[in-house]
Amino acid sequence: MTDILFYHLTESTLEEALPGLLERSVERGWRVVVQTGTEDRRDALDQHLWIFRDDSFLAHATDREAYPAEQPILLTTGEGNQNAAQIRFLVDGATPPNLSGYERAVFLFDGHDAAQLEAARGHWKTMKEAGHAVTYWQQTQDRRWERKA
């Protein structure tokens, strides 16, 4: 079964937290797909990942560009896995596809957004009932992740 992680953003924005998680995934040798809830959010993250830090960027592309299969990180609004990713991030209210083909899936949700909180609760229940190994992580005040369940 797929390891499913729920990351509850309480101190950081998605733009602050996601790049570090993507860097760690790529360092593990994983290909990554990031599924967003809207095209606008996908496009904003696309721009952000090129400039999030002065001394670094994350090589990536969106699903609307050529050669998606060759990308180490692919940003999409769709349910496909065009780059044969081992890990899938679901952000901004994205509806998950079947996650059984991944080593890991990560739901990142904004703790200050009632709709995202409610959706995360629903996904937690669905993933647990499907038999996936499910864990819940919440940010501490110093923006570190602490396992809560």
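Participant: Looking at this model, I keep getting lost on empty space enclosed by the protein. Mind explaining?
Facilitator: If you roll a probe as big as a water molecule over the atoms, it shows you where there is empty space left. Overall, the coordinates contain one cavity of 30 Å³ or more when judged by the stated rule. By volume, the largest cavity amounts to about 100 Å³. Together, L90, V91, D92, G93, A94, F107, L108, F109, Q116, A119, A120 and H123 line the largest cavity. Considering every element that reaches the lining of the largest cavity, the biggest residue donor is helix 3 (residues 114-129), with four residues. Residue composition of the lining of the largest cavity, by class: eight nonpolar, three polar and one charged.

Participant: What should I look at first to understand the packing of aromatic side chains in this one?
Facilitator: The description of an aromatic ring pair uses the distance of the two centres, along with the angle that the planes make with each other. Within the structure shown, the criterion is met by five aromatic pairs. Ring plane angle 5° and centroid distance 4.7 Å describe the contact between F6 and F107, whose orientation is recorded as stacked. Here F6, found in strand 1 (residues 3-9), pairs with F107, found in strand 6 (residues 104-110); they are 101 residues apart in sequence, far enough to count as distant. The pair formed by F6 and F107 is uniform in burial state, with each residue classed as buried. Ring centres of Y7 and W137 lie 6.2 Å apart, and the angle between their planes is 50°; this geometry places the pair in the tilted category. Placement of Y7 in strand 1 and of W137 in strand 7 (residues 133-139) is noted, with a sequence separation of 130 residues between them. Of the residues examined, Y7 reaches a relative accessible area of 11% and is grouped as buried. Overall, the relative accessible area of 22% leaves W137 in the partly exposed class. An aromatic cluster of at least three residues, connected via ring pairs, comprises F6, F107 and W124.

Conventions adopted
- Residues numbered from 1 in each chain as written.
- Predicted model: local features only at pLDDT ≥ 70, side-chain atom pairs only at ≥ 80, totals over all residues.
- Heavy atoms only, no water.
- 1 Å grid on protein atoms, 1.4 Å probe; cavity = no way out; pocket = protein on both sides within 12 Å on 5 of 7 lines; lining within 4 Å.
- Points joined across faces, edges and corners; volume = space filled by probe spheres on them.
- Helix = DSSP H or I, 4+ residues; strand = E, 2+ residues; numbered from the N terminus.
- Nonpolar A, V, L, I, M, F, W, Y, C, P; charged D, E, K, R; others polar.
- Phe/Tyr/Trp six-rings, centres within 6.5 Å; stacked < 30°, edge-to-face > 60°.
- Buried < 20%, exposed > 50% of the residue type's maximum accessible area, 1.4 Å probe, protein only.

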